[in-house]
Amino acid sequence: MYTEFKILIHYSFSNLIVFISLIILIFLNNFLVLFPYIFTSSRHMRFCFALSLILNYLGSFLAHLTSMGTSFVLIPFMVIIESIILIIRPITLSIRLTANMIDGHLLLSLLGSSGVGMNSFVLLVVLVVVQFILFVLAIFVSLIQAYVFSILSALYRREV
């Protein structure tokens, strides 16, 4: 991970610290969501959207709306298309993170509530094993989502 971020952010140590701490923040936030009766900020669209906006628009991004050599006829269309792209990127990052964190917790809570009326011991053991497997899978999903969010933010930041 260190070498991948190092390549993406042009060997800037301060940016490297920001993106690695971002992975840790998102992973811990997503990990806490997996426990019952805990509602963390990574399940809020406001948190994810604000995080992606801050990371992607720290610098001056308006200078990159058109490329060098674009004809004067195409400049208005290029500005509109690039503006839409710049608006959609933080939205898709926040929706991806929020949806993936909600679905794991929702699946675990639905399976947990189905075991209340079970009379069979074998079915209850199977349900507990399936929930444990899903819990481990949700931990890995939270780590992967933190990694994907950070990598995409670094890639978007590199383009700006």
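Counting restarts for each chain: residues are numbered from 1 in the order of the written sequence. Totals for whole chains, interfaces and linings use every residue, but because this is a predicted model, local features are given only for residues with pLDDT of at least 70 and side-chain atom pairs only at 80 or more, for both listing and counting. Only hydrogens and water are set aside; all other atoms, that is, all heavy atoms of the structure, feed into the side-chain values.

Quick look at the UniProt feature "transmembrane region" (unreviewed entry) in the protein chain
Moving on, step 1. Here, UniProt's "transmembrane region" (unreviewed entry) annotation points to residues 12–35, 47–66, 72–92, 104–126 and 132–156.
Moving on, step 2. Secondary structure across residues 72–92 divides into 86% helix and 0% strand, with the first and last C-alpha atoms of the span separated by 31 Å.
Moving on, step 3. Think of it this way: any DSSP run of H or I at least four residues long counts as a helix, any run of E at least two long counts as a strand, and we number them from the N terminus. In this annotation, residues 132–156 is assigned 100% helix and 0% strand; the end-to-end C-alpha distance for the span is 36 Å. UniProt positions are given in the numbering used here, feature names are shortened, and annotations may be inferred rather than shown by experiment.

Describing the layout of surface pockets
Moving on, step 1. Cavities and pockets were defined on a 1 Å grid built from protein atoms only: a cavity is a group of points that admits a 1.4 Å probe but offers it no way out, a pocket is an open group of points flanked by protein on both sides within 12 Å along at least five of seven lines, and a lining residue is one with an atom within 4 Å of any such point. Grid points are joined across faces, edges and corners, and a volume is the space filled by probe spheres set on the points. Each pocket or cavity is described by its volume, and for the largest pocket that value is around 230 Å³.
Moving on, step 2. Looking at the largest pocket, the residues that line it are Leu 34, Phe 35, Pro 36, Tyr 37, His 105, Leu 108, Ser 109, Gly 112, Gln 131, Phe 132 and Phe 135.
Moving on, step 3. Where the lining of the largest pocket is concerned, the elements lending two or more residues are helix H4 (75–114) and helix H5 (121–159).
Moving on, step 4. Put simply, Ala, Val, Leu, Ile, Met, Phe, Trp, Tyr, Cys and Pro go in the nonpolar bin, Asp, Glu, Lys and Arg in the charged bin, and everything else, Gly too, in the polar bin. Here the residues of the lining of the largest pocket are counted per class, giving seven nonpolar, four polar and no charged.

Quick word on the side chain of Gln 145
Moving on, step 1. With respect to the secondary-structure elements, Gln 145 resides in helix H5.
Moving on, step 2. Residues count as neighbours in contact if any of their non-hydrogen atoms are within 4.5 Å of one another. Setting aside residues up to four positions removed in sequence, Gln 145 forms contacts with Asn 30, Arg 96, Leu 97, Asn 100 and Met 101.

Comments concerning the packing of helix H2 (residues 13–33) against H4
Two measures define how a pair of helices packs: the angle their axes make with one another and the distance between the axes.
Moving on, step 1. Axis angles are defined between N-to-C directions and span 0 to 180 degrees, where every axis is a line fitted to C-alpha atoms and, for a helix, only to the segment in contact. Where H2 meets H4, the closest approach of the two axes is 9 Å, and the angle between their N-to-C directions is 30°. In terms of their interaxial angle, H2 and H4 are classed as roughly parallel. Between H2 and H4 lies a crossing of right-handed hand. Facing Ile 26, Asn 30 and Val 33 of H2, the residues of H4 in contact are Leu 97, Met 101 and His 105.
Moving on, step 2. In terms of residue class, the contact of H2 with H4 is built from four nonpolar, two polar and no charged. In what follows, roughly perpendicular refers to angles from 65 to 115 degrees, roughly parallel to angles under 35, roughly antiparallel to angles over 145, and oblique to any angle outside these ranges. Note: crossing handedness is left-handed where the near helix turns anticlockwise from the far helix by less than a right angle, and right-handed where it turns clockwise.

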